[in-house]
Amino acid sequence: MKDVGIIAVGGYEEVGRNMTAIRVGKEIVIMDMGVRLDRIQIHEDTEMENMHSLDLIQMGAIPDDKILKNVDGNVVGIVCTHGHLDHIGAVPKLAHRYKCPIIGTPFTTELIRQEIKSERKFKVTNKLVPMMCGEIYDLSKNLAVELIRVQHSIIDSAFAALHTPFGIILYACDFKIDRTPTLGEVPDFKRLKQIGRDGVFAMITEGLDSDHSGKTPSEQIAKDLVWDALLGTEETESGVLVTTFASHIARLNAVIEASAKMGRTPVLMGSSMERYFGTALRMGYVKKPDNLKICGNRRSVDSTTKQIIREGKNKYLPIVTGHQGEPGAVLGRIASGELDFQMEAGDKVIFSANVIPNQLNIANRYTCETKLKQKGARIYDRVHVSGHAYKEDHWELLRMVRPEHVIPTHGTLNMHTAYVEMAEDTGYEFGQTVHILRNGQELTL
């Protein structure tokens, strides 16, 4: 066992499509298998579950794992750190090529199971291994993986610590340093400091928001912002809509709690709302209020919209998909007049989400907001805090873990350059101890 290789499969020059392979001698562990959603959305009639992996690779929608054929080694495990599609969405297309288990936290593995179930092209029979944070799973006699609890914009997120003869290799993607989360526990700082003392050989970490100064505000701040937007008004008779990430269970929970204070019935609308929040309910991560309505399919969305208009918009709080302005989502259909929810002057639309930074999303969101404004809607945007670490969070993690080598992933070259500059401030040296990779490259350590 002579060396370690960090193989950049996807996510090293873009936002999304995350996949890293860590080679230790002749054994390989894959970290994440994600999609790049904008590459799918740009083809309007794309049904991903019916498409071949090679076509999706050609589109740039999923990682090009064919490069692993040229790597001398055998894949012994696939580890997924959380349930966002840019980290698990390619599992149904690629995992069947590797005879090994797929490991993640219980919520993450359940979402992967659902993705595999809806797949139509490939049969994925890999064993799914749900693991609690703090547990260690032996992949081989030389390698074991440990999940370490962190906070992100989806519940049950983790760092993956790969225990190797060279020391720990920490895959830290995605996260925020949140000491006052509204759902779940604080990150396991004690364990992170301990592995820092024990010796971390390399850390692979997201670079997404490393160019943002300061630290990321806590999710408690986001809850306060949402509550202020919903409750901090005397105009209580108007219609109110909220849109946010369907996978952001903590944020959805905060909106549902606010609806009780408003005296309105919360209604989750959209298939992804039903999928993510329904899964969280079934697994006991959140409790269901008696009056909560969940409408997933188009027929139930259409009939519930009619009911809201019939009984009065002031009695309901619809929480809808479409925060990126996607034309086919519930908010996009309302903006285009496809649904019976008639926007009137003074109705509020609260965007509890940022625009994911790619040109398609920016254009879609602009179009959606313009249509809503033309109908008289009042737009409340940026009622949100990020789930990703800002510069000072990255600084803090580096000081906590003290890896010998650090490699940014999940981001553009500009983002990674910002990360390198921050790392250099802590004493790392570009090209020697902090490294930039492009998709398809292998760094040998």
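Rules and cut-offs
Residues numbered from 1 in each chain as written. Predicted model: local features only at pLDDT ≥ 70, side-chain atom pairs only at ≥ 80, totals over all residues. Heavy atoms only, no water. Buried < 20%, exposed > 50% of the residue type's maximum accessible area, 1.4 Å probe, protein only. Helix = DSSP H or I, 4+ residues; strand = E, 2+ residues; numbered from the N terminus. Pairing = 2+ DSSP bridges. Right-handed = clockwise from strand over helix to strand, strands pointing away. Phe/Tyr/Trp six-rings, centres within 6.5 Å; stacked < 30°, edge-to-face > 60°. Lys NZ or Arg CZ within 6 Å of the ring centre and 35° of its normal. Contact = heavy atoms within 4.5 Å. Polar contact = N/O pair within 3.5 Å; in protein donor to acceptor, adjacent residues only side chain to side chain. Axes fitted to C-alpha atoms, helices over the stretch in contact; angles between N-to-C directions. Salt bridge = Lys/Arg side-chain N within 4 Å of Asp/Glu carboxyl O. Expected span 1.5 Å × (residues − 1). Arc of directions from axis to C-beta.

Student: How do you make sense of the pairing of strand 11 (residues 200–206) when you look at a structure like this?
Tutor: Looking down a regular strand, the side chains alternate between one sheet face and the other. Among the 7 residues that make up strand 11, 7 are buried, leaving the element largely enclosed by the rest of the structure. Pairing of strand 10 (residues 167–172) with strand 11, which is carried by 5 bridges, proceeds in the parallel orientation. Looking at the pairing, Ile 168 lines up with Val 200 of strand 11. Traced from strand 10 through helix 6 (residues 189–198) to strand 11, the parallel crossover comes out right-handed.

Student: What is the right way to read the pairing of strand 10 from this model?
Tutor: With 5 of 6 residues buried, strand 10 is to be regarded as a mostly interior element. As paired elements, strand 9 (residues 158–164) and strand 10 share 5 bridges and run antiparallel to each other. Directly across from Ala 161, in strand 10, lies its bridge partner Leu 170. Between the end of strand 9 and the start of strand 10, which pair antiparallel, lie 2 residues.

Student: I'm lost on the packing of aromatic side chains in this one. Help?
Tutor: Where two aromatic rings form a pair, the distance of their centres and the angle of their planes describe that pair. Summed over all chains, the structure comprises 3 aromatic pairs. For the ring pair Phe 107 and Tyr 285, a centre distance of 5.5 Å and an interplane angle of 70° mean the geometry is edge-to-face. Placement of Phe 107 in helix 5 (residues 106–118) and of Tyr 285 in the loop between helix 9 (271–282) and strand 14 (293–295) is noted, with a sequence separation of 178 residues between them. Over the ring of Phe 189 we find Arg 179, and its NZ or CZ is 4.5 Å from the ring centre. Cation over ring: Arg 275 sits above Tyr 276, and NZ or CZ is 4.8 Å from the ring centre.

Student: What is the right way to read the side chain of Gln 114 from this model?
Tutor: By secondary structure assignment, the location of Gln 114 is in helix 5. A relative accessible area of 15% means that Gln 114 is categorised as buried. Gln 114 has contacts with Arg 275, Thr 279 and Arg 282, leaving out every residue within four places of it along the chain.

Student: What is the right way to read the environment of Ser 210 from this model?
Tutor: Tracing the backbone shows Ser 210 in the loop between strand 11 and helix 7 (219–231). Placed 198 residues apart in sequence, Ser 210 and Pro 408 show a C-alpha to C-alpha distance of 9.6 Å. If we ignore the near neighbours within four places in the chain, the residues touching Ser 210 are Ala 389, Lys 391, His 394, Met 415, Ala 418 and Tyr 419. Polar contacts involving the side chain of Ser 210 include one to the main-chain carbonyl oxygen of Gly 207, which spans 2.8 Å. Within the local environment of Ser 210, its side chain forms a polar contact with the backbone oxygen of Met 415, the two atoms lying 3.0 Å apart.

Student: What should I look at first to understand the sheet that holds strand 14 in this one?
Tutor: Pairing between the strands of a sheet comes from backbone hydrogen bonds, and it takes one of two forms, parallel or antiparallel. The strand order across the open sheet formed by 6 strands is 14-13-15-12-16-17, and the pairing between neighbours is parallel. Looking along the sheet, the strands with just one partner apiece sit at the ends: strand 14 and strand 17 (378–380). Neighbour to neighbour, the strand axes of the sheet diverge by 20° on average, direction disregarded. Summarising the sheet, strand 13 (residues 265–269) and strand 15 (residues 316–320) pair through 5 bridges and their orientation is parallel. Note on strand 15: the bridge partner recorded for Met 269 is Val 320. Across the sheet, helix 7 touches strand 12 (240–244), strand 15, strand 16 (348–352) and strand 17, and the angle it forms with strand 16 is around 180°. Strand contacts of helix 12 (residues 359–374): strand 16 and strand 17, with the helix running at about 160° to strand 16, the strand carrying the most contacts.

Student: Please clarify how the pattern of salt bridges should be interpreted in this entry.
Tutor: Pairing between side chains of opposite charge can happen when their charged atoms approach one another. Within this structure, the stated rule accounts for 25 salt bridges. Between Lys 215 and Asp 393 there is a salt bridge whose closest N-O contact spans 3.4 Å. Residue Lys 215 is located in the loop between strand 11 and helix 7, and its partner Asp 393 is located in helix 13 (residues 391–401); the two are separated by 178 residues in the primary sequence. For Lys 215, a relative accessible area of 41% translates into the label partly exposed.

Student: Where do I start with the sheet that holds strand 9 in this structure?
Tutor: Reading across the sheet, the 6 strands line up as 7-8-9-10-11-18 and stay open at both edges, with mixed pairing between neighbours. Of all the strands in the sheet, the pair left with one neighbour each is strand 7 (136–138) and strand 18 (405–409). The average undirected angle you get between the axes of adjacent strands in this sheet is 20°. With respect to the sheet, helix 6 is in contact with strand 8 (144–149), strand 9, strand 10 and strand 11, its orientation differing from that of strand 8 by roughly 140°. Set on the sheet, helix 13 makes contact with strand 9, strand 10, strand 11 and strand 18; between it and strand 11 the angle comes to about 165°.

Student: Would you mind going over helix 7 with me for this structure?
Tutor: Since there are 3.6 residues in each turn of an α-helix, residues three or four apart along the chain are aligned in direction. Across its 13 residues, helix 7 extends 18 Å between first and last C-alpha, which sits within 8% of the 18 Å expected from 1.5 Å per residue. Glu 219, Ala 222, Lys 223, Val 226, Ala 229 and Leu 230 are the residues of helix 7 that are buried. Down the axis of helix 7, the buried set is contained in an arc of 130°. They therefore lie on one face. Taken together, the buried residues of helix 7 touch strand 12, helix 8 (249–262), strand 15, strand 16 and strand 17. Its side-chain oxygen at 3.0 Å from the backbone nitrogen of Gln 220, Ser 218 defines the N-terminal cap of helix 7.

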